[in-house]
Amino acid sequence: MGRLFVVNLEGKIYSCKYCGTHLALSEDIVSKSFQCRHGKAYLFKKVVNVSVGEKEERLMMTGMHTVADIFCVGCGSIVGWKYETAHEKSQKYKEGKSVLERYMVSGPDGSNYWVSHGAHSGGSDADDV
């Protein structure tokens with residue numbers, strides 16, 4: 001395995017809650033209206049310091065998508081997923097973008113999102129964008 005280069009971001013940063021590795025900037029948020037199995041999730045136009053897993057087809061609330069889980073390069077924790085392909089025309093804006101699950105990341109102010117017992121347990125996706 002080669003040497004690991006980690007990008008350090010400046011500004012309002014979202015980072016891995018386990019190891020503190022920088023993942024995204026607040027200014028790159030496209031939507032805060034997404035849901036995952038454990039509650040809130042944010043759609044970002046750009047994330048860093050992640051590795052991308054195997055592509056798979058997932059049926060989500062807004063239809064079928066080809067996605068890949070994304071993992072923190074610092075500790076290997078799953079932090080969200082990346083949209084590779086959206087099969088519905090109205091969902092094409094998601095392609096190439098990534099979702100960070102709020103319960104897996106620390107916010108810019110150091111806050112963590114805790115899983116609520118009323119969190120949605122179905123497929124992960126946006127409520128409305």
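Residues numbered from 1 in each chain as written. Predicted model: local features only at pLDDT ≥ 70, side-chain atom pairs only at ≥ 80, totals over all residues. Heavy atoms only, no water.

(A) Geometry of the packing of aromatic side chains. Enumeration over the complete set of coordinates arrives at four aromatic pairs. Relative to Tyr42, the ring of Tyr14 has its centre 5.9 Å away and its plane inclined at 85 degrees; by these criteria the two rings are edge-to-face. With Tyr14 in strand β1 (residues 13–16) and Tyr42 in strand β4 (residues 39–44), this pair connects stretches of sequence that are 28 residues apart. A relative accessible area of 10% places Tyr42 in the buried class. Ring centres of Tyr14 and Phe44 lie 5.5 Å apart, and the angle between their planes is 70 degrees; this geometry places the pair in the edge-to-face category. Of this pair, Tyr14 sits in strand β1 while Phe44 sits in strand β4, placing them 30 residues apart in sequence. By the burial criterion, Tyr14 is buried, and Phe44 matches it. Counting every residue linked through ring pairs, the aromatic cluster contains Tyr14, Tyr42 and Phe44. (Phe/Tyr/Trp six-rings, centres within 6.5 Å; stacked < 30°, edge-to-face > 60°. Helix = DSSP H or I, 4+ residues; strand = E, 2+ residues; numbered from the N terminus. Buried < 20%, exposed > 50% of the residue type's maximum accessible area, 1.4 Å probe, protein only.)

(B) Expanded view of the pairing of strand β3 (residues 29–36). Where β3 and β4 come together, five bridges link them in antiparallel fashion. Looking across to β4, one finds that Gln35 is bridged to Lys40. Two successive antiparallel strands, β3 and β4, enclose a turn made up of two residues. (Pairing = 2+ DSSP bridges.)

From the geometry alone we can't say anything about function, so treat these as descriptive.
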